[in-house]
Amino acid sequence: MHKISRIEFENLSLDEQSELLTNQGQYLSWRSEGEYNIYLYELDDFFAQAWMNIKLGKIIRIECSKKG
């Protein structure tokens, strides 16, 4: 399995990012905020938050942040 950098991940399409999180990310937790469920994943050297719109039932954006 290829380690992916945050920059490489951010350059993928939203669908590719979602698939990678599902297949390679380590799910950590979730929270609810307004119309969204936000799922936190750890992926190699960074964290990713997947924002799912509850009404639409789909991820509308993914935000990344560095570890530490």
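Heads up: these notes are all about the structure in this document. All of these numbers come straight from a predicted model, not from anything done at the bench. (Residues numbered from 1 in each chain as written. Predicted model: local features only at pLDDT ≥ 70, side-chain atom pairs only at ≥ 80, totals over all residues. Heavy atoms only, no water.)

### Looking at the pairing of strand E3 (residues 46-53)
Note that strand E2 (residues 36-43) and E3 share 8 bridges and pair antiparallel. What sits directly across from Tyr-39, in E3, is Ala-50. Once E2 ends, the chain turns through 2 residues before running back antiparallel as E3, passing Asp-44 with a positive phi of about 55°. Alignment of E3 against strand E4 (residues 58-66), held across 8 bridges, turns out to be antiparallel. When the bridges of E4 are listed, Phe-47 appears paired with Ser-65. Count of turn residues in the E3/E4 antiparallel hairpin: 4 residues, of which Gly-57 carries a positive phi of about 70°. (Pairing = 2+ DSSP bridges. Helix = DSSP H or I, 4+ residues; strand = E, 2+ residues; numbered from the N terminus.)

### Topic: helix H2 (residues 14-24)
By the burial criterion, the buried members of H2 are Gln-17, Ser-18, Leu-20 and Leu-21. Axial view of H2: buried residues confined to an arc of 165°, hence all on one face. Within H2, the exposed residues directed more than 90 degrees away from the buried face are Asp-15, Glu-19, Thr-22 and Asn-23. Contacts from the buried residues of H2 go to helix H1 (6-10), E2, E3 and E4. (Buried < 20%, exposed > 50% of the residue type's maximum accessible area, 1.4 Å probe, protein only. Arc of directions from axis to C-beta. Contact = heavy atoms within 4.5 Å.)

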